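Letter by letter, the chains look like this.
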Amino acid sequence: MTKTFVARQAADSSPALHYYVVHDGAGGPEGLLVEEFLLAADYSSAGLVSGGWSREEGQWRDASSTSRRLRVDAALRARVTPVGRAAAAAFYWDLCGADLPDEPELRACFGGLPAQARCALRLSGPEARSGFRETRVYRILFADELTQDALAALSEAWQMPVTGDLADPEVRVLGAVRRQVAGDAFRWDLRRVAAGAAWGLDVTCDLVGEHDEAVGVLLRGLTTQMRQQGLIPVTVDRFR
């Protein structure tokens, strides 16, 4: 692993892995997919590794190809449901009568790590907003559809006024949220990306101090909340 990566450690103490229940074409239980985003030092995505278990094979294996397909294949996404670890463990027990392996064991079946992180894409200069030491801008990109119920749930969770009509394909930004944490200022916009082919959270982080742990906690928390509404995280890019 290069020094660019955070050593498989999340920004907070909750489980770092993402779990997905997979069903077959007829809706029957088929298996589990478990993923982990590897993060650069600034909490942008540096790679994705995964493992999978199927009822047919009865064993865990590298599932990198499945994870790649999940981001581009709508038919596969229709068979996959994002879940938490507890729901994944219950599903696994029902299928094979065994406890779900802990996260270090699951990681052992993941494929190889990326050789190096890609270069960050910077669309603006390093100047910070007035009154802050540093300003960062990220986009968390998601695949799949955002439903009206999901939008309502996010609006309630974030106390976000909905400012756009989800049914109108011309509307890009559906709402914005501002938060202040110990002097740091955060804003995120929920928006359509690529003419509605994807969804994104554009996150601006204005930092006053030398520490940036709050950025990692926020990005991870927002990703979890979007997954809870059925969306599939694709990447976290940093633009500034």
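These notes cover the structure that comes with them. (Residues numbered from 1 in each chain as written. Predicted model: local features only at pLDDT ≥ 70, side-chain atom pairs only at ≥ 80, totals over all residues. Heavy atoms only, no water.)

1. Considering the packing of aromatic side chains
Moving on, step 1. If you walk through the whole model with that rule in mind, you get three aromatic pairs.
Moving on, step 2. Look at Trp60 and Tyr92: their rings are 5.8 Å apart centre to centre, the planes differ by 40 degrees, and that puts the pair in the tilted class. Of the two residues, Trp60 sits in strand 4 (residues 60-62) while Tyr92 sits in helix 3 (residues 85-96), which places them 32 residues apart along the sequence. Both residues of the pair, Trp60 and Tyr92, belong to the buried class.
Moving on, step 3. Each ring, one from Trp158 and one from Trp188, has its centre 5.8 Å from the other, and the planes form 85 degrees; the classification is edge-to-face. (Phe/Tyr/Trp six-rings, centres within 6.5 Å; stacked < 30°, edge-to-face > 60°. Helix = DSSP H or I, 4+ residues; strand = E, 2+ residues; numbered from the N terminus. Buried < 20%, exposed > 50% of the residue type's maximum accessible area, 1.4 Å probe, protein only.)

2. Some details on unusual backbone geometry
Moving on, step 1. Notably, Asp144 is not glycine yet its phi reads approximately 95 degrees, a positive angle.
Moving on, step 2. Within the element layout of this structure, Asp144 appears in the loop between strand 6 (134-143) and helix 5 (148-158).
Moving on, step 3. Overall, Asp144 belongs to the partly exposed group, its relative accessible area being 22%.

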